[in-house]
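Structure assessment
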Amino acid sequence: SGIVLGGSQPAAVTISLEAMGAIRGTLLQSGTLQPLKGWTVQLNQTTFTGRALPTQYAQTGVDGTFTFPGASVGGFSLYASRRDFVGSASANGQVARGGQLVDVPMIVSITRRVVGTVTGLVTDAAGTPLPNASVE
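This report concerns the structure included in the present document. None of these values were measured; they are calculated from a predicted model.

Two strands pair when backbone bridges link them, and strand β4 (residues 40-47) and strand β7 (residues 74-81) are joined in this way by 8 bridges, in the antiparallel orientation. The residue bridging V41 from the neighbouring strand is A80, located in β7. As defined by bridge partners, β7 adjoins strand β8 (residues 88-95) across 8 bridges and the pair is classed as antiparallel. The residue of β8 that forms the bridge with S77 is N92.

For Q45, the position within the fold is in strand β4. A polar atom in the side chain of Q45 sits 2.7 Å from the backbone nitrogen of S72.

Moving on, we get to the pairing of strand β3 (residues 20-29). With 7 of 10 residues buried, β3 lies mostly within the body of the structure. Where β3 and strand β6 (residues 65-72) come together, 7 bridges link them in antiparallel fashion. Within β6, the position partnered with G25 by the bridge is F66. Of the pairings in the sheet, the one linking β3 to strand β9 (residues 101-108) comprises 8 bridges and is parallel in character. Residue pairing in the sheet places L28 in a bridge with I107 of β9.

To continue, consider the sheet that holds β9. Sheet strands line up and pair through hydrogen bonds in the backbone, either parallel or antiparallel. Spatially, the 3 strands line up as an open sheet ordered β6-β3-β9, and their pairing is mixed. In the strand order of this sheet, the two ends are held by β6 and β9, each with one partner. Within this sheet the neighbouring strands show an average axis-to-axis angle of 20 degrees, counted without direction.

With that out of the way, let us pick up the packing of aromatic side chains. Throughout the structure, instances matching the rule amount to 2 aromatic pairs. Ring geometry for W39 against F85: centres 5.5 Å apart, planes inclined by 35 degrees, an arrangement best described as tilted. With W39 in the loop between β3 and β4 and F85 in the loop between β7 and β8, this residue pair connects regions lying 46 residues apart in the sequence. Owing to a relative accessible area of 28%, F85 belongs among the partly exposed residues under this scheme.

Further remarks concern the nonpolar core. Core analysis: the largest hydrophobic core is formed by 22 residues, its most contacted members being I23, L27, F68, F76, L78, V104 and M106. Contributions of two or more residues to this core are made by β3, β4, β6, β7, β8 and β9. Those residues within four positions of F68 in sequence are excluded, and the remaining contacts are G21, A22, I23, V41, Q42, L43, Q56, Y57, A58 and L78.

Turning to a nonpolar patch on the surface, a few remarks are in order. Judged by side-chain polarity, V122, L130 and V135 come together as a nonpolar surface patch covering roughly 250 Å² of accessible area. Structurally, the position occupied by L130 is in the segment after β9.

Attention shifts here to the environment of L27. With respect to the helices and strands, the residue L27 is situated in strand β3. Residue classification places L27 among the buried positions, given a relative accessible area of 0%. Sequence separation between L27 and L130 is 103 residues; the distance between their C-alpha atoms is 53 Å. Those residues in contact with L27 that sit more than four places away from it in its chain are Q34, P35, L36, W39, T60, G64, F66, A80, A89, M106 and V108.

Calculation rules
Residue numbering note: each chain is counted from 1, following its sequence as written. Restriction of local features to residues with pLDDT of at least 70 applies here, the model being predicted, together with a cutoff of 80 or more for giving and counting side-chain atom pairs; totals for whole chains, interfaces and linings are based on all residues. Note that water and hydrogens are dropped before the side-chain values are worked out from all heavy atoms of the structure. For two strands to be treated as a pair, DSSP must find at least two bridges joining them. In this description a helix means any DSSP run of H or I spanning at least four residues, a strand means any run of E spanning at least two, and both kinds are numbered starting from the N terminus. Polar contacts, as counted here, are pairs of nitrogen or oxygen atoms within 3.5 Å of one another; within protein the pair requires one atom able to donate a hydrogen and one able to accept it, and residues that are adjacent in sequence qualify only if both atoms are side-chain atoms. Partly exposed residues are those whose accessible area sits between 20% and 50% of the maximum for their type, while under 20% is buried and over 50% is exposed, using a 1.4 Å probe and protein chains only. Axis definition: a line fitted to C-alpha atoms, limited for helices to the stretch in contact. Angles are taken between N-to-C directions and run from 0 to 180 degrees. Planes of paired rings set the category: under 30 degrees apart is stacked, over 60 is edge-to-face and the rest tilted, where pairs are Phe, Tyr or Trp rings (Trp by its six-membered ring) whose centres lie within 6.5 Å. Joining through side-chain atoms within 4.5 Å is the link that ties buried Ala, Val, Leu, Ile, Met, Phe, Trp, Tyr and Cys residues into a set, and such a set is a nonpolar core. Two residues form a contact once any of their heavy atoms are found within 4.5 Å. Candidates for patches are residues over 30% relative accessible area with no salt bridge; among them, like charges are joined within 9 Å and nonpolar side chains (Val, Leu, Ile, Met, Phe, Trp, Tyr) within 5 Å. Accessible surface is estimated by sampling points in the Shrake-Rupley manner with a 1.4 Å probe; for residues, cover comes only from the protein chains shown. Each reported salt bridge corresponds to a side-chain nitrogen of Lys or Arg within 4 Å of a carboxyl oxygen of Asp or Glu.

Laid out in structure tokens, this is it:
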């Protein structure tokens, strides 16, 4: 029951509480399965009624774990990345009922940038160096 402000008329109020669960996971490097610390994990959720919820963020700990307590019942997607690395991971899942703990392991393939130097000498057919030659 409730009261309308500014008046004394009783009003029927329907309150709907959404069930909550939790999402946790571990972020690991592919191949070595080394935990990845300090990565950002992004959570996007849609409630069972189809309503999109605000994006949430978490940081992985020293053991590569992350947690989103209070996740809504419904579908979710996770995306993990770090600014100074070329690589990311994503996962999708579902919190099916209130109180459920969904464990999501995520594997990141990190691409190492390969850098190097090319040096050489540009010459004509007779072997004479060509100054200011353009090389593509």
